[in-house]
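The residues making up each chain are set out below.
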Protein chains: 4
Amino acid sequence: MLITDSLPESTERGDLRPIYIDRQSSMKALVYVGPGKKALENRPKPEIKAPTDAIVKITKTTICGTDLHILKGDVPTCKPGRILGHEGVGIVEKTGSAVTAFKAGDRVLISCVSACGKCVYCRKLMYSHCTTGGWILGNSIDGTQAEYVRIPHADSSLYPIPAGADEEALVMLSDILPTGFECGVLNGKVQPGNTVAIVGAGPIGLAALLTAQFYSPGKIIMIDLDDNRLEVAKRFGATATVNSTDGKALDAVMNLTEKRGVDTAIEAVGIPATFELCEKIIAPGGTIANIGVHGTKVDLHLENLWDRNITITTRLVDTVSTPMLLNILQSHKIDPKLLITHRFKLDKIMDAYETFGHAASTRALKVIIEA
Amino acid sequence: MLITDSLPESTERGDLRPIYIDRQSSMKALVYVGPGKKALENRPKPEIKAPTDAIVKITKTTICGTDLHILKGDVPTCKPGRILGHEGVGIVEKTGSAVTAFKAGDRVLISCVSACGKCVYCRKLMYSHCTTGGWILGNSIDGTQAEYVRIPHADSSLYPIPAGADEEALVMLSDILPTGFECGVLNGKVQPGNTVAIVGAGPIGLAALLTAQFYSPGKIIMIDLDDNRLEVAKRFGATATVNSTDGKALDAVMNLTEKRGVDTAIEAVGIPATFELCEKIIAPGGTIANIGVHGTKVDLHLENLWDRNITITTRLVDTVSTPMLLNILQSHKIDPKLLITHRFKLDKIMDAYETFGHAASTRALKVIIEA
Amino acid sequence: MLITDSLPESTERGDLRPIYIDRQSSMKALVYVGPGKKALENRPKPEIKAPTDAIVKITKTTICGTDLHILKGDVPTCKPGRILGHEGVGIVEKTGSAVTAFKAGDRVLISCVSACGKCVYCRKLMYSHCTTGGWILGNSIDGTQAEYVRIPHADSSLYPIPAGADEEALVMLSDILPTGFECGVLNGKVQPGNTVAIVGAGPIGLAALLTAQFYSPGKIIMIDLDDNRLEVAKRFGATATVNSTDGKALDAVMNLTEKRGVDTAIEAVGIPATFELCEKIIAPGGTIANIGVHGTKVDLHLENLWDRNITITTRLVDTVSTPMLLNILQSHKIDPKLLITHRFKLDKIMDAYETFGHAASTRALKVIIEA
Amino acid sequence: MLITDSLPESTERGDLRPIYIDRQSSMKALVYVGPGKKALENRPKPEIKAPTDAIVKITKTTICGTDLHILKGDVPTCKPGRILGHEGVGIVEKTGSAVTAFKAGDRVLISCVSACGKCVYCRKLMYSHCTTGGWILGNSIDGTQAEYVRIPHADSSLYPIPAGADEEALVMLSDILPTGFECGVLNGKVQPGNTVAIVGAGPIGLAALLTAQFYSPGKIIMIDLDDNRLEVAKRFGATATVNSTDGKALDAVMNLTEKRGVDTAIEAVGIPATFELCEKIIAPGGTIANIGVHGTKVDLHLENLWDRNITITTRLVDTVSTPMLLNILQSHKIDPKLLITHRFKLDKIMDAYETFGHAASTRALKVIIEA
């Protein structure tokens, strides 16, 4: 069985000779076939390779904006033939001999970042730069958009699912909630009473919006081009919204902040225009926290900013906040299920990509894939 | 008496009609006459204007790189006719009715930043952005390169000189030591055992080098184009120096850091090339602390940096560290007099500018002007 | 006119000879007459003494637990003859020549702490230890339970009242909200998802409870002896309450925290038993934040705690958070009026003390006195 | 072979029947026999028990004050029969299947704290409270005063020895340097220009003294009863010393600090008198950092301290600073060998204990045991 959305091109792949797979040990998986092409294929089930590995049977996964980037061919570390996906929950199937925190049958949350817990970066809690981990799932090793996945460094890359937790909500904790929180809210030093602007009301910007409220900022201004998403932002807690289509977002923000600008500007798009808007709206002493995945350089106007006492941060999510987010989820301070707009079965994942890839018309935020 | 280095142009100034000044109430002062022009003029002695003012008789002052920027016409807030200078020590001559911390006869250090102590920025210890102060001396009000100066917000902009302190060394505490320390070392989060690069071995870069050592970094790499200044840097404590003339500074830094890059990169020049070198040499998790006064935008390569967990900071010095620097000076941990290369009397200040303005040939770092 | 609740003793005071006061320049004021005694007296209206002073006409004030301590004779810095009170809002009547931030007619919030903004402590934002200020109102100088009060260091000890603000709510910002927030919540490092216990559900403990929620802790356990106050705590956001009358509070807290103890324990009573309960319930790595005013030593069980990586903090409120609290009040994140249970006119302030002093039976939290 | 310093009592131990040990697989080890008793015994060489274990052949070890506490019977977690010692360097002999950072033949530094790197405490960098580690070596499992030792969680509990490093100096990094640094200097927030007092000039106090200088405090006052140790402290960098035998240490410290007290007070003894001295000498806003191992409660004078804005910390060393200390050792900022006063062979370890246990007369600080 081979399902692709771009059959003709698939013959370009060297590894596409028919493979006769034992039904017992095969599984369905969404595979990156090459720029612009993906396929739902049959693949061998993953096996334990290192004593610290676990094999997890996926129950729910989702699609990330980064997956779309990969499909455009923008992520050189991800080679054709790779099973995509770095988010999900599931059930432990098998564990390596050195795994002590989990056993077969445990329900687990999968972190998008794998962490050995002992390299120089892990010891600084910078798991994103783990020398044998980091963001490797669905990137340099096979990912979670499949029936099974191999998780390296399982003890520090999986989390037990608390009894009674809602597993759909938990899928939001694999990546977008920690990303919005760590890269946007923590790096942006959101504080009680402060003024925050979030540029970009996509799933990541909305995740930043949800988690910024942990710190009770006085104002949260959401900026986007899409009125529908701004409407969602209002429901999620934005105190003001600005549609920047007219090129007057700077004025609007200044009017909302008594001409001071914002204490925290969170960039959640990844293009020069939105980053440079952040440079303009930031108040003296403020912080620009970049979340966006940028493909080109931006202009940094140091001729205006050198004496403004500002801070700019970048970060690949470390997922160090996952235990805290699990705690806070248990206390019902946020409802990440608000981010979920569509649900699909794994064998309809091609439709799920179609829906997620046309968010403007489908109004999709996050789509749940049930395996 | 009128001494100028560019007499013809001085007639352009509307306020240059001859003024008959009472000898008693007049003083000599170095005046910015207009782009490219300065003069040593006779000026009326300053008077108390607000109850929080003090008049200080200058005993020693100095010239800053920023004064050269003003003379090029690069600082629009500084208008022709302005007495330059924002550094110095002196003796209190007179105080306004609300000044309680100082009285006539007190020997004082003058901060380059004036702070009211009560506005929204002062209350965040961001004195640089004081709504009625900040860097105003020798900029929007008359400065210290004169026999007398009016100091607004005297109680929080002057510091008592400890008995027995060396006043020449203290002149370095008006601006360059707090600037190197706050904008470079504190913002750059220099820590014991860490690796630091300082790009630019001028007076400010050397001030950063001296004060970085308060935190015992493991390595301090000094980068400059001038071998003489690099030699000075070695004597000041740099553990390695790199002459970047050959365009291979990146390689050199990587070789010195086991290919990791540096934890802190301090930019102390103010041009795109040096800032962009900092972007290349910064290690994941590191901090680029900008001190340089930039006149144009720089390219920020977010396509490389978005996932590197770095921080970039800018800052106009707040001089919040002045009390600490006074303490540490008393304990002889640093010798800021090392920065002083030349000395002049006030009536030779035109020569002092000549010497300071041609540092490559004169090997000048800081010049002391005695009033 | 002399109203006292304990007339006989008043003759002990040396300064009680009859004073013939000009009606124009006299006012009513609540005076500490000596241990156990207070009186509503006629007093001369205060005058400007220093150029940084302001005279404020009180519109609303309140009574603090500390006032009861003074009346017991427990505060040696407060001498008989003192007008009590360190909280309130009012209208500026007159300002000294160096006051620039306020003018007659401005509506202002009075901080319980006076800060010069320029001494060594103010420059560290430790206003509580200002060398010419700190907590002096209604302590070493006359206070706010009167028709008028003199406020030293007015520019940095008063706050403009935002248009449309509720002045009753603002009275809570003079002392108890910043006290609960700074001494309890900030010092206690309350963080999203963490577990907090507050020992003592009086006004200060409840202020800590309200402001702890700025940081979205996962659990807030309120501990007290009074079921009524615990009931109030539940309405204010406590996730669990423990009545410690049965001596089993330790067990109860351990059961609520999976035997780990709490990340933050806030002591809001001021006696050995409650502090020592905090020592027992604190988790490894946690923080005990003391707010209580203690009259005797406590046992610190270092034989149990030396290896537990805990932190203990003490603090007299600095009121550095007042601008932030004003911001957050404007954004309606909290409703401090919930703390107000009773209202009195100034000439009934003796009744107000009676009500406030018998809180167990009257269920009083904060009482508003209208002048 | 059985060497004891208290033969008669050894018969009390149930496990002291003669064991016939194969010469190949036996080793010499210093064993805690029971309160007041220790012996150099033959013991079986340790074996790998978990895939994360390593066996290390000890080359150098040392004796800690804590070992003397154990011998007094003060550490209930350490049972008779235990091989003592939690410090040392050696050569990896064997590794478990999940150890990836080390292989046989590697020269390693042994941390006194074992850390799994993945439990809730390790993820907060609180290795001291690792749920399957912490301080277990020479306490709840056999330690390093032997020819071989089993190290659990080897990947995150051993450190590679840099080429050319002095192994004697490195033994100081197993425990006392990180202890002095983390519990004293880091917890005590030592800062440039600040004033520090260290109470207790034993090896730990001296380690705090050495590492406090990483932050360039303005003054370091060393307090002890022993003039010899104070003399050593002067050589190690103390700016003042106080012999507290006369009971006037408080006055002496106040005189050295212009009556303000110290910003940081480090307690390095572990008895009530020294902790209470810290309570008296701490300045408003200061920090008391406890390092001492306390056997009884102390009096905490909250009646004096409740409004002084102080912080008290306790900590069992986490050894999170070990990588940094290794870096800084390479840059020759400190010379920990200064702490080494005596050297012994392993078969003379009973003499080493004798020397170390009578430090007042032998002037011993740290003794090196060569295996």
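The structure contained in this document is the topic of the report that follows. Not measured: the values here are computed from a predicted model.

1. Structural notes on the interface of chain D and chain A
Tallying the contact residues gives 13 residues for chain D and 13 residues for chain A. With both sides pooled, the region where chain D packs onto chain A buries about 1200 Å², and carbon together with sulfur makes up 49% of that total. When the area that chain D buries against chain A is broken down by residue, the three leading residues are K118(D), R123(D) and L125(D), summing to 49%. Inspection of the chain D/chain A interface yields two salt bridges. Of the charged contacts in the structure, one is a salt bridge between D155(A) and K118(D), with a shortest N-O distance of 2.3 Å. Counting across the interface, chain D meets chain A through eight residue pairs in polar contact (both at pLDDT 80 or more). The residue inventory of the side of chain D that touches chain A, partitioned by class, reads five nonpolar, five polar and three charged.

2. Quick look at the relation of the copies chain A and chain B
Laying chain A over chain B is done by rotating through 180° and shifting 0.0 Å along the axis; what remains is an RMSD of 0.0 Å. The symmetry that links the two subunits is that of a two-fold axis. Both copies contact each other with a shared surface, as 100% of the interface residues of chain A are interface residues in chain B too.

3. A short note on the sheet that holds strand β12 (residues 240-243) of chain B
Spatial strand order, β12(A)-β11(A)-β10(A)-β13(A)-β14(A)-β16(A)-β16(B)-β14(B)-β13(B)-β10(B)-β11(B)-β12(B): 12 strands in an open sheet with mixed pairing. Every other strand in the sheet has two partners, leaving β12 (240-243) of chain A together with β12 of chain B as the edge strands with one partner each. Taken pair by pair, the neighbouring strands of this sheet meet at an average axis angle of 15°, ignoring direction. Bridge count for strand β14 (residues 282-290) of chain A against strand β16 (residues 311-313) of chain A is three bridges, and the pairing is parallel. Among the inter-strand pairings, A289(A) is bridged to a residue of β16(A), identified as T313(A). Docked against the sheet, helix α7 (residues 272-281) of chain B engages β10 (195-199), β11 (219-224), β13 (262-267), β14 (282-290) and β16 (311-313) of chain B, running at close to 155° with respect to β14(B).

4. Considering the environment of K28(B)
Residues and elements named next belong to chain B. Tracing the backbone shows K28 in strand β2 (residues 26-34). On the basis of relative accessibility, which here comes to 21%, the residue K28 falls in the partly exposed class. Sequence-wise, K28 and R43 are 15 residues apart; in three dimensions their C-alpha atoms are separated by 6.1 Å.

5. Section: the interface of chain A and chain B
For interface size, the figure often reported is the accessible area lost on association. Chain A puts 36 residues into the contact, and the matching count from chain B is 36 residues. Of the roughly 3100 Å² buried where chain A meets chain B, counting both sides, 59% is carbon and sulfur surface. It is W306(A), N309(A) and T314(A) in chain A that bury the most area against chain B; as a group they hold 23% of the surface buried on that side. The interface formed by chain A and chain B includes two salt bridges. Among the salt bridges present, the one from K297(A) reaches D299(B), with a minimum N-O distance of 3.4 Å.

6. As for the sheet that holds strand β14 (residues 282-290) of chain D
Read across the open sheet, the 12 strands follow the order β12(C)-β11(C)-β10(C)-β13(C)-β14(C)-β16(C)-β16(D)-β14(D)-β13(D)-β10(D)-β11(D)-β12(D); overall the sheet is mixed. Each edge of the open sheet carries a strand with a single partner, namely β12 (240-243) of chain C together with β12 (240-243) of chain D. Here the average twist between neighbouring strands, direction ignored, is 15°. Sheet topology note: the strand β10 (residues 195-199) of chain D/strand β13 (residues 262-267) of chain D ladder contains four bridges and is parallel. By the bridge assignment for β13(D), I198(D) is matched with I266(D). Contacts from helix α7 (residues 249-256) of chain C reach β11 (219-224), β12 and β13 (262-267) of chain C, with the element oriented near 170° to β11(C).

Here is what the cut-offs are and how they apply
- Residues numbered from 1 in each chain as written.
- Chains lettered and ligands numbered in written order.
- Predicted model: local features only at pLDDT ≥ 70, side-chain atom pairs only at ≥ 80, totals over all residues.
- Heavy atoms only, no water.
- Contact = heavy atoms within 4.5 Å.
- Buried area = accessible area lost by both parts, 1.4 Å probe.
- Salt bridge = Lys/Arg side-chain N within 4 Å of Asp/Glu carboxyl O.
- Polar contact = N/O pair within 3.5 Å; in protein donor to acceptor, adjacent residues only side chain to side chain.
- Nonpolar A, V, L, I, M, F, W, Y, C, P; charged D, E, K, R; others polar.
- Least-squares fit on C-alpha atoms with pLDDT ≥ 70 in both.
- Pairing = 2+ DSSP bridges.
- Helix = DSSP H or I, 4+ residues; strand = E, 2+ residues; numbered from the N terminus.
- Axes fitted to C-alpha atoms, helices over the stretch in contact; angles between N-to-C directions.
- Buried < 20%, exposed > 50% of the residue type's maximum accessible area, 1.4 Å probe, protein only.

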